[in-house]
Amino acid sequence: MAQTGGQEPPCMQCHKPSDTTIDPARFAQSEHGAFDCTFCHTTGFSKFPHTGTRAEMRDCMDCHKERKLVRIAQAVKASVHAKMAARAFRCTNCHSPHYFIPASRMKDVSEAILVANQSCLGCHAKGDTLADKDLDLARKHAYLFHAELHLQRNECVACHTAPGEQTMHLILPKSEAVKDCATCHAQNSMLATKLYAHLALKERTQQGFVNAILINNAYLVGANRNRWLDWGALGLAGLLLLGVAAHGLGRWVFARLRRRS
């Protein structure tokens, strides 16, 4: 079609889903799904065969200039990744520009952990399947008790960034990874500022402020995420208070009657 000299065909007419191209359905659900391909693929991509290169494409920071992104960019430059890969290391090395979904849009913590760790597994784990990669990582983290559970329930960056680092982009060398159990298994857990922080606002919006604070991603008797049970529990508590008040009022009335008689 490109050789006929007619109108340029849509990108997805050639780049159909396969192992090497983009899945339109997944792209549509991503953070960048509303943009046309040529928004980022600019110079050299309007004609076929394409002459554009990765260096000529838009960089993430061309659009993302918010303060938070600037801090992230500074953290990445100081991380072990940037030091090892030098200028070749970009945001897209870890975050797919076609499928990226921010943690704030995740349904729950488990999904956020899975998506975040997949970025790391691409380079830091051997194997063809997710199970193979998990097994390989468990061997590398044999110093942890129940290594498999630690890897399933935590983001890699939770331990491979400094305890006070909230952007989670200042990746440390493996020799400096957090290995002290008390760092996480304590009242002021590091995970409270890393793993769950980005979901706190979303939970308060969806579950209600009180429930989000009480539950805090842990099971607590009497706190739940079902509004009908919430109303039922409040109703029972109200009836209990009315019963206690009626009982007290009744005792007071009968005591006065006995005095008069």
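These numbers were taken from a predicted model, which means no experiment stands behind them. (Residues numbered from 1 in each chain as written. Predicted model: local features only at pLDDT ≥ 70, side-chain atom pairs only at ≥ 80, totals over all residues. Heavy atoms only, no water.)

(A) Seen up close, unusual backbone geometry. The phi torsion at histidine 146 lies on the positive side, around 50 degrees, for a residue other than glycine. Within the secondary structure layout, histidine 146 lies in the loop between α7 (130–140) and α8 (147–153). Looking at histidine 146, the relative accessible area reads 60%, which means it is exposed. (Helix = DSSP H or I, 4+ residues; strand = E, 2+ residues; numbered from the N terminus. Buried < 20%, exposed > 50% of the residue type's maximum accessible area, 1.4 Å probe, protein only.)

(B) Molecular detail of the nonpolar core. Among the nonpolar cores identified, the biggest contains five residues, and these are Leu121, Ala125, Leu137, Ala138 and Leu151. Ignoring any residue separated from it by four or fewer positions in sequence, one finds leucine 137 in contact with Leu121, His124, Ala125 and Leu151. (Core = buried A, V, L, I, M, F, W, Y, C linked by side-chain atoms within 4.5 Å. Contact = heavy atoms within 4.5 Å.)

(C) Region of interest: the packing of aromatic side chains. Scanning the model with the defined rule gives one aromatic pair in all. Aromatic pair phenylalanine 35 and phenylalanine 39: ring centres 4.7 Å apart, planes at 25 degrees, arrangement stacked. Just above the ring of tyrosine 99 sits the side chain of arginine 26; from NZ or CZ to the centre is 3.8 Å. Positioned over the ring face of tyrosine 143 is lysine 179, at 4.9 Å from the centre of the ring. (Phe/Tyr/Trp six-rings, centres within 6.5 Å; stacked < 30°, edge-to-face > 60°. Lys NZ or Arg CZ within 6 Å of the ring centre and 35° of its normal.)

(D) Helix α4 (residues 67–78), seen in detail. A rise of 1.5 Å per residue sets the reference length of α4, with its twelve residues, at 16 Å; its end C-alpha atoms lie 17 Å apart and thus fit the reference within 8%. Here α4 has its buried residues at Ile72, Ala75 and Val76. All buried residues of α4 fall inside an arc of 100 degrees around its axis, so they share one side. For α4, the exposed residues lying more than 90 degrees away from the buried face are Arg67, Gln74 and Lys77. In this fold, the buried residues of α4 make contact with α5 (80–85). (Expected span 1.5 Å × (residues − 1). Arc of directions from axis to C-beta.)

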